[in-house]
Amino acid sequence: MMASAYKHVFHMLRFLALFSLLYAGPCWAGGGQHYPNGVEDFAVGALPPPGVYLVNYLILAQKSSLRDNSGNGLPANFKADVVAEVPRLIYVSPYKVLGASWGAQAFIPFYSADIKSDSAAIPPLNFDSRDKGIGDIIFSPLVLGWHFSPELHAVFALDMWAPTGNYDKDRPATTLLSKNIWTFEPVLAVSYLKEGLDISAKLMYDFNTRNSDTSTDPGQEFHMDWALGYGLKNGLTGGLVGYNYWQTTEDEVNGVSKTSDKSRVGGIGVGIKYWPKQGPFTMTLKQYWEYGARNIATGNQTQFKISYAF
């Protein structure tokens, strides 16, 4: 009887410790969680020719559970529905730096979020939060694109996330796209394109600053988007798409590391890209299903992307 009681207390403390990490941090997970997984896909490593480009991302994410360090669901009826629209402006200059085309870019995310949770076992996991507004702006003055051959292409960039959104630690819905931290993200994207075959990957590593409102130092993160597709002559490309995310260092709250609470998750799905007559307009539709979630909210997401070359 005593052993059973100790076991119950242990599990309650573990869940409460996880919740303290989730709530004190800038998102429903460890790390900074600034980047929306899976937004890039086919030919991501091929920088376009000099010019001005507009890309618009539309993301519907539906998170249905919170997972602990073992991948088990927390005892809470959790649901988070997020719709995000993210316009991205890209400028590719005619100038060369280190043999690469130089460019710059900026993103402005807008969102609407509805988060609900109730738990008889863990009273702090009871809340209902709805919000909408602007998220944290992303910009990069350094985008370099190499075309090593007609088949092999690569892009390096340094993306920076500024705390410009409507973050409020007491309004959980605002913390999904507004984090109250700076994130510095080196990016390397590579694409191999030959006779319709498209093998592409975008690799990123995130360094996050402190969230002064919660005294939290989010851990560093490594993540990647990838695509394996085949293009047809009618302008259609289809195939597998996916992403993988790992938090590589522990969060710290008030200078104390949150051990064994690092987040990770994977996603796999299908994608279809339509590029009519290889003209100025493309659109891509993707559906993802997540797996292997640890210390993070998880669920499915749908993404739709439109790009236009001026």
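No experiment lies behind these values; they were computed from the predicted model shown.

Engineer: Give a detailed account of the nonpolar core, specifying residues and quantitative values.
Structural biologist: Counting residues in hydrophobic clusters, the biggest one holds 35 residues, and the most contacted among them are Tyr-57, Phe-78, Val-82, Ala-113, Ile-115, Leu-176 and Leu-177. Of all elements in the fold, only strand 1 (51-67), strand 2 (77-97), strand 4 (110-118), strand 6 (138-147), strand 7 (152-161) and strand 8 (183-194) reach the threshold of two or more residues within this core. Element by element, the count of residues in this core is highest for strand 2, at seven residues. Setting aside its immediate chain neighbours within four residues, Tyr-57 contacts Val-39, Glu-40, Ala-84, Glu-85, Val-86, Arg-88, Phe-107, Phe-304 and Lys-305. Counting five residues, the second-largest nonpolar core is a separate cluster that includes Phe-42, Ala-227, Val-241 and Tyr-288.

Engineer: So what's going on with the packing of aromatic side chains? Residues and values would help.
Structural biologist: All chains considered together, the criterion is met by eight aromatic pairs. Considering the side-chain rings of Tyr-57 and Phe-107, the 6.4 Å spacing of their centres and the 25° angle between planes classify their relative orientation as stacked. Note that Tyr-57 is positioned in strand 1 and Phe-107 in strand 3 (residues 100-107), a separation of 50 residues in sequence. In terms of burial, Tyr-57 and Phe-107 fall into one category: buried.

Engineer: Go over empty space enclosed by the protein, please, and point to the residues and values.
Structural biologist: Per the stated rule, a full pass over the model turns up four cavities of 30 Å³ or more. Roughly 680 Å³ of internal volume is contained in the largest cavity. Residue lining of the largest cavity: 36 residues in total, with Gln-33, Tyr-35, Pro-36, Asn-37 and Leu-176 positioned closest to the centre. Sort the elements by how many residues they give to the lining of the largest cavity and strand 2 lands first, with five residues.

Engineer: Describe in detail the confidence of the model for the protein, supporting the description with residues and values.
Structural biologist: Note: predicted coordinates in regions of low pLDDT should not be interpreted at a detailed level. Per-residue pLDDT for the protein has a mean of 87; in total, 87% of the residues score no lower than 70. Note on residues 1-27: pLDDT is under 50 here. Beyond four places in sequence and across chains, it has 47 contacts.

Engineer: I'd like a description of the layout of surface pockets, backed by residues and values.
Structural biologist: When its volume is computed, the largest pocket comes out at roughly 1,400 Å³. Phe-42, Ala-43, Ala-46, Lys-273 and Trp-275 are the residues nearest the centre of the largest pocket, which is lined by 50 residues in total. Grouping the constituent residues of the lining of the largest pocket by class yields 26 nonpolar, twelve polar and twelve charged.

Engineer: Just give me the short version of the sheet that holds strand 14 (residues 256-257), but keep the residues and values in it.
Structural biologist: Sheet architecture is open: three strands sit in the order 10-13-14, paired in antiparallel fashion. Two strands close off the open sheet at either side, each with one partner strand: strand 10 (216-217) and strand 14. In this structure, strand 10 lies alongside strand 13 (residues 252-253), joined through two bridges in antiparallel fashion. Opposite Thr-216, over in strand 13, you have Val-253 as the bridge partner.

Engineer: Describe the pairing of strand 16 (residues 281-294), and please don't skip the residues or the numbers.
Structural biologist: Sheet analysis places strand 15 (residues 264-274) next to strand 16, joined by ten bridges and oriented antiparallel. Across the sheet, the residue bridging to Ile-268 is Trp-289, located in strand 16. Where strand 15 folds back onto strand 16 in an antiparallel hairpin, the turn is made up of six residues, including Lys-277, whose phi is positive at roughly 55°. Of the pairings in the sheet, the one linking strand 16 to strand 17 (residues 296-309) comprises nine bridges and is antiparallel in character. Looking at strand 17, one finds that Tyr-288 is bridged to Gln-301. The turn linking strand 16 back onto strand 17 is made up of one residue, and Asn-295 within it adopts a positive phi angle of 50°.

How each quantity is defined
Residues numbered from 1 in each chain as written. Predicted model: local features only at pLDDT ≥ 70, side-chain atom pairs only at ≥ 80, totals over all residues. Heavy atoms only, no water. Core = buried A, V, L, I, M, F, W, Y, C linked by side-chain atoms within 4.5 Å. Buried < 20%, exposed > 50% of the residue type's maximum accessible area, 1.4 Å probe, protein only. Helix = DSSP H or I, 4+ residues; strand = E, 2+ residues; numbered from the N terminus. Contact = heavy atoms within 4.5 Å. Phe/Tyr/Trp six-rings, centres within 6.5 Å; stacked < 30°, edge-to-face > 60°. 1 Å grid on protein atoms, 1.4 Å probe; cavity = no way out; pocket = protein on both sides within 12 Å on 5 of 7 lines; lining within 4 Å. Points joined across faces, edges and corners; volume = space filled by probe spheres on them. pLDDT = per-residue confidence, 0-100. Nonpolar A, V, L, I, M, F, W, Y, C, P; charged D, E, K, R; others polar. Pairing = 2+ DSSP bridges.

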